[in-house]
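Reading the structure
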Amino acid sequence: SLCGPGLTGPGLTGPGLLPVGLTGSKLGCAEGGCGACTVMLSRLKGDQQSLTPPLSHYSVNACLAPLCSLHLVAVTTVEGIGSVAQTLHPVQERIAKAHGSQCGFCTPGIVMSMYALLRNKATPTMDDLDDAFQGRCTKAHITTDGGCCGGGASGNGCCRTNGTADTEATPLFDAKDFVPFDPTQEVIFPPELMVKTDRSQSLCFHGDRTVWLQPNSLEELLSLKWKHPEARVVVGNTEVGIEVKFKNMVYPVILSPADHIWCLLFSVCSGIIFGASCSLSLMEAELRRAVDSLPLHQTQVFLAVLEQLRWFAGRQIRNVAAVGGNIMTASPISDLNPVFMAAGSNRDGLLSDGSRLVQMDSRFFTGYRRTALRPQEVLVSLEIPYSKKVRQFMSAFKQSPRREDDISIVTAAMSVTFSPDTSLVEELKLSYGGMAPTTVLAERTAKELIGRPWGEELLQAACSSLAEEMTLDPSAPGGMVTYRRTLTLSLFYKFYLTVLLKLRDQVWVRSDCLSEVPQGQHLDDVVGRPIMHLSALKQATGEAVYCDDIPLYENELYLALVTSTKAHAHILSIDTSLAVSMPGVVCCLFSEDVPGSNSTGPIVYDESVLADGQVTCVGHIIGAVVADTQSHAQRAAKAVKIQYEELPTVVTIQVTSHTPRVTSHTPKVTSHTPKVTSHTTASGHYSGDMHMGGQEHFYLETNVTLAVPKEDGEMELFVSTQSASKTQSLVAKALGVASNRILVRVKRMGGGFGGKESRTTILSTVVAMRPVRCMLDRDEDMLVTGGRHPFYAKYKVGFLDNGQVVALDVSYYSNTGNSMDLSLSVMERALFHMENSYSVANIRGRGFLCRTNLPSNTAFRGFGGPQGMIVAESWVTDVAQRLGRPAEEVRGHRAGKGVGGGGPVLDQFTLDRCWDECLRRSDYKQRRAAAHLYNRQNRWTKRGLAVVPTKFGISFTAVFLNQAGALVHIYTDGSVLVTHGGTEMGQGLHTKMVQVASRVLGVPISKIHISETSTNTVPNTSPTAASASSDLNGAAVHNACQVLVERLQPYRSANPKGCWEDWVSAAYFDRVNLSANGFYRTPDLGYDFNSNCGRVFDYYSYGVACSEVEVDCLTGAHKNLRTTVVMDVGHSLNPAIDIGQVEGAFMQGLGLFTLEELHYSPKGVLLTRGPGSYKIPAFGDIPSHLTVSLLRDAPNAKAIFNSKVRTEPRPPPHMNSGSSVRNKTVQTSVEFCKKRQNIPVPPVLEFQLMSVCMVNLFT
Ligand SMILES: Cc1cc2nc3c(=O)[nH]c(=O)nc-3n(C[C@H](O)[C@H](O)[C@H](O)COP(=O)(O)OP(=O)(O)OC[C@H]3O[C@@H](n4cnc5c(N)ncnc54)[C@H](O)[C@@H]3O)c2cc1C
Ligand code: FES
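Thresholds, definitions, all that
Residues numbered from 1 in each chain as written. Chains lettered and ligands numbered in written order. Predicted model: local features only at pLDDT ≥ 70, side-chain atom pairs only at ≥ 80, totals over all residues. Heavy atoms only, no water. UniProt positions renumbered as here; feature names shortened; annotations may be inferred. Helix = DSSP H or I, 4+ residues; strand = E, 2+ residues; numbered from the N terminus. Areas by Shrake-Rupley, 256 points an atom, 1.4 Å probe, with all protein chains shown as cover. Salt bridge = Lys/Arg side-chain N within 4 Å of Asp/Glu carboxyl O. Buried < 20%, exposed > 50% of the residue type's maximum accessible area, 1.4 Å probe, protein only. pLDDT = per-residue confidence, 0-100. Contact = heavy atoms within 4.5 Å. Near = heavy atom within 4 Å. Polar contact = N/O pair within 3.5 Å; in protein donor to acceptor, adjacent residues only side chain to side chain. Nonpolar A, V, L, I, M, F, W, Y, C, P; charged D, E, K, R; others polar. Phe/Tyr/Trp six-rings, centres within 6.5 Å; stacked < 30°, edge-to-face > 60°. Lys NZ or Arg CZ within 6 Å of the ring centre and 35° of its normal. Core = buried A, V, L, I, M, F, W, Y, C linked by side-chain atoms within 4.5 Å.

Going by an unreviewed UniProt entry, the protein carries the name xanthine dehydrogenase and comes from Sphaeramia orbicularis. In its Sequence similarities (unreviewed entry) section, UniProt records this for the protein: "Belongs to the xanthine dehydrogenase family."

Here you go:
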């Protein structure tokens, strides 16, 4: 394909963009799900006869674009539109300067989506933007807005002209600084691609396993298909590409007809005919044109198709995926096939000796992924009919875990036609996807309803009949059997209501900075100002270098992992004979090849570098294959044969409610009992429990390491890691050399979120055994690296009549996976956050670590805090329900100044201020009243609000980690090089450190540079984690700079009118050391679990958020309408970066608690291994109104320049928003799931919500 080094297209190895030096398009998933690889294609439209044929520009996922399909197509990558050295494109400039780029790994893709949109529409609307970014993940950042424009935007887009301005807000950027966008200045289409003769040629490409044929006429295509009936017809490659990459399919012959021969499109008297290779985007545009120009009664079917297309994949996929490809894939969960079936579309199948018309009815799909077309046939076209003039109504539905770009759980289309002037059903078609191995028509039910009037009786009959007809075996693939069956009825009910009604008759995200620099702060002092992320411009142009962008070394080799397919087993034998005979293979590596120690682990050495005799999870690294290219190494790794003797497997925590049996081999217990002081007697008590699922980090850049050997046993490693020093020491241990021979260098990471704190060391130790490069594919990364710990908690609360909880006892059980890793510290933090922000006089917490046969779970943003807090929110809700009070009343009993778990003192306490500010800014009372009114007026959708406070302890709980170092050099030209122990993963740490150095040294940031983090400049660094890095490293940088300032002071005093360069020069010639190292250790820390005494955190970070959520009671779909966050970050070092981080943390929490779900088979096999099956929040999941405000005037004396670190993911308020919506809403459904079904509560999936909402069918 076009993107990715050595990634294969359908059998044809594509050189990709890296070897030609184009590193901007990133490979984030290789399955069209993340958009990091987006490029723009430009081609001449079909009409070759025209002298100046029109051009079409469209965005595509390079990872699925076969190179062979790009003949005469211009490819524009992010490098082609602008660069830092020359001119930035307006899109690149805006995304960077408006703080839209954090880790930057997917920024080039986002830039290219926007660029392609602008090439087609110079002044896009907000809807166009939504459409262009549909389905794109929000993992690292929210790019729809960087904050207030400061009055620079034109028209009604500016809050200052449309009246929504917040007078307290400080602009985060000034739009007046931007170079205006001029669409006439874009790159032209290369004239050499316009040569007509070339465009009418048939083509043939030979690969090592596949022949790619591009016929240039329909006749040629048919004759080739006759000759090669087994050949695959490839148009968009969005299905075939996935089969080749992930299902190891090899197709010897590919037929990819030239674009113009059957992308036909014409109207006939009964409808519009679309050529089978017509892209979904083109079809969408044509149908929209028809809807705009034709009478409504003619376009009911078109509207249904458009409704379905709205939720079909993302724009890049729709730009290439063909209508024929969707039909012929014959997926049982195809979104379009139910619509075509319900509409009674015709399709043309063509044989070489003539055509035949095939009706889309119950005989078209003959079995799982099979159709009535014969192997020699191709699909030529599809007719989508006009709806009838008599009353025909049609609707389409798609129910999926995530609204945008997700696989359907159930998809449906329904069409009803009434007899003239009556409400009697004349014709009814109900088609469903997701209910059988094929798309099906509910023919019996339809027949039963013919002739009946559209009313209550018909509804009852339909429901009884559908319940009988749409059955599913309990073991049906896809699970959720009850939910799916219920959906068939509720979707029909939605249709019923819509038709009944017919028979009778701006999104924005805004963030405010309430924190301002003090009056009088000098303009040159950048601390506290919204300085752009220092790499933002390079990230926006694709010039920022990530680990895998480092050019290939001469003779460089590639390493692919050999991993276990069994969760728990003895390895009986390993057969590498086939693998070593494969092309390009250099060697295989196993445990006996580890030169030093094979035992490893970040804290205790309970893991092996390479499995030795036994595997304890699927994905356990057994060995590796080294070859000349990535594809050769990966192919050979799959050819290694391993025989196992399986052992009993434990996957889940398995604590029953009666017997607290823990499935740990060695359950570790830590207890946290800081207070048992109150003599108050509780007037009520309650016992409850809850499960919380895990979470995948889904950093956009997967784990990657490049090892370069040097002399004397030295090894230089380029690693994407949060822990340079830990990587160094574990690699040294594995190689059997001293740490001083190992140099670990980290330039930047494409996201980390804790996933690169300890688990990266495993890959790095393997890679370091040879001079090789290895970047994990997304599916491998998800399989091998583990994620957030799933938790189970049992609790008892005692409470007073006023809602105050006075006693709390919680036992937490965490699923550690197959090794200890950081699980103990994660559990400790969960315990320290067991009260969240509430005041509880008597508490006891116990933690049990349960070892299972899953890949080791590890650090994840929040590090146990979210697990601890969500349980607190659960008992708050329980208490409120028991007392019949709003949950907000119970939440009102917050911890106060001077009281708090995990440390005796809550000083600089701002939680109450955050709470009041949040209520005020969210118009809580008015919105709550409006929601009540809404709920009275609407039966099937309900709204709820909730406000949730959080309090997060800042410091590593392991005391020794609370230290940091820095090294600052001043060169003779006055430029400054800063190095510190923290790593940059998009969180803006380097930017903040430069701001700190700038203030202390008194020089502009343009004179200061941070190149990388490396173990030979600052040794023994702590991981960049625990939210503590800007505090620790900032203080170390401050310390080093202060030393230098003092050394320069004599030269300043001697020459007060001189400049920085003069003083530096004078000091140099006076033989003054212009290099200093700095150090910082957080004072007065230390908590003793035995005595439960001491101070575990230096201080707390506070925040409050209020969310309003709407739930569709018929399907369980929920949407976050508004969220207001107020966060105390002290005197922010950089409000733009802090706001971006709070937004990101909020969205990550929203994903954790409402969307993301890992699925394992009972045998411990991870089933969700990419964006196709594991859904993180997309752009469309951002609340329609998201406001983040930083609390003003809240200095924090404990950290650098009175700042505070930002927050971590919290239980999003909308997790509890239903508290004000009695019955059928979020909160009761959460309650229901939790108490009665024992379903892991987060995420609040649709089926869980609906199972409550549908308590009593339609009543
Ligand atoms: C990220 C992503 C998101 C997706 N989202 C959705 C979604 O929301 N809903 C949904 O329904 N699907 C979805 N899909 C599936 C897929 O995109 C669609 O099915 C698409 O329409 C396939 O079209 P294509 O041109 O890319 O097919 P290709 O991959 O080119 O071909 C698919 C199959 O159809 C056969 N074929 C194609 N044309 C013909 C023809 N004219 N005659 C005979 N056989 C033919 C091919 O031989 C092949 O077997 C998604 C896929 C990806 C990768
Ligand atoms: S890498 Fe192409 S979409 Fe993710």
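**With respect to the overall build of the protein**
When helices and strands are tallied, the protein shows 32 helices and 47 strands. Accessible area of the protein: about 45400 Å², with a carbon and sulfur share of 54%.

**Considering the pattern of salt bridges**
One pass over the structure, following the stated rule, counts 48 salt bridges. Across the salt bridge formed by R315 and D131, the nearest N and O atoms sit 2.7 Å from each other. With a gap of 184 residues between them, R315 in helix α10 (residues 315-320) and D131 in helix α3 (residues 126-132) connect regions that are remote in the sequence. Overall, R315 belongs to the buried group, its relative accessible area being 15%. Take D131: its relative accessible area is 24%, and that puts it in the partly exposed class. A salt bridge links R928 to E888, with the shortest nitrogen-to-oxygen separation between them at 3.3 Å.

**Quick word on the confidence of the model for the protein**
When pLDDT is averaged across the protein, the result is 85; 85% of the residues are at 70 or more. Predicted confidence for residues 898-904 stays below pLDDT 50, and this span has 21 contacts to residues more than four positions away or in other chains. The low-confidence segment residues 1211-1245, where pLDDT is below 50, has 125 contacts with residues more than four positions distant or belonging to other chains.

**Things to note about the site of ligand 1**
As a matter of local geometry, ligand 1 sits amid 30 residues, with R232, V233, V235, T238 and D335 nearest to it. The contact in question runs from an oxygen atom of ligand 1 to an N or O atom on the side chain of R232, over 2.4 Å. Separating an oxygen atom of ligand 1 from a backbone N or O atom of A313 is a distance of 3.1 Å. Relative to its unbound accessible surface of 990 Å², ligand 1 loses 90% to contact with the protein. If you list the elements that add at least two residues to the shell around ligand 1, you get β6 (232-233), α11 (323-329) and β14 (378-385). The element best represented in the shell around ligand 1 is α11, accounting for five residues. Tallied by class, residues from the shell around ligand 1 come to 15 nonpolar, nine polar and six charged.

**Remarks on the packing of aromatic side chains**
Inspection of every chain in the model, using the stated rule, returns 24 aromatic pairs. Ring geometry for Y813 and F848: centres 4.8 Å apart, planes at 15°, overall stacked. Of this pair, Y813 sits in strand β35 (residues 805-817) while F848 is found in strand β36 (residues 842-851), placing the two residues 35 residues apart along the sequence. The two residues Y813 and F848 agree in class, both being buried. Three or more aromatic residues joined by ring pairs make a cluster, and in this case those are F393, F418, W454, F492, Y493, F495, Y496 and W940. Over the ring of F698 we find R778; its NZ or CZ atom is 4.2 Å from the centre of that ring.

**Remarks on the nonpolar core**
V111, M114, V615, I622, V625, V640 and I642 are the most contacted members of the largest nonpolar core, which has 58 residues in total. The element that contributes the greatest number of residues to this core is helix α2 (residues 107-120), accounting for eight residues. Membership of the second largest hydrophobic core comes to 51 residues, among which are Y58, V60, I272 and M283.

**A few points about the environment of D973**
With respect to the helices, strands and loops of the structure, D973 is situated in the loop between β38 (963-970) and β39 (976-980). Spatially, the C-alpha atoms of D973 and E1061 are 6.4 Å apart, while their sequence positions differ by 88 residues. Polar side-chain contacts of D973 include one of 2.7 Å to the side chain of S975.

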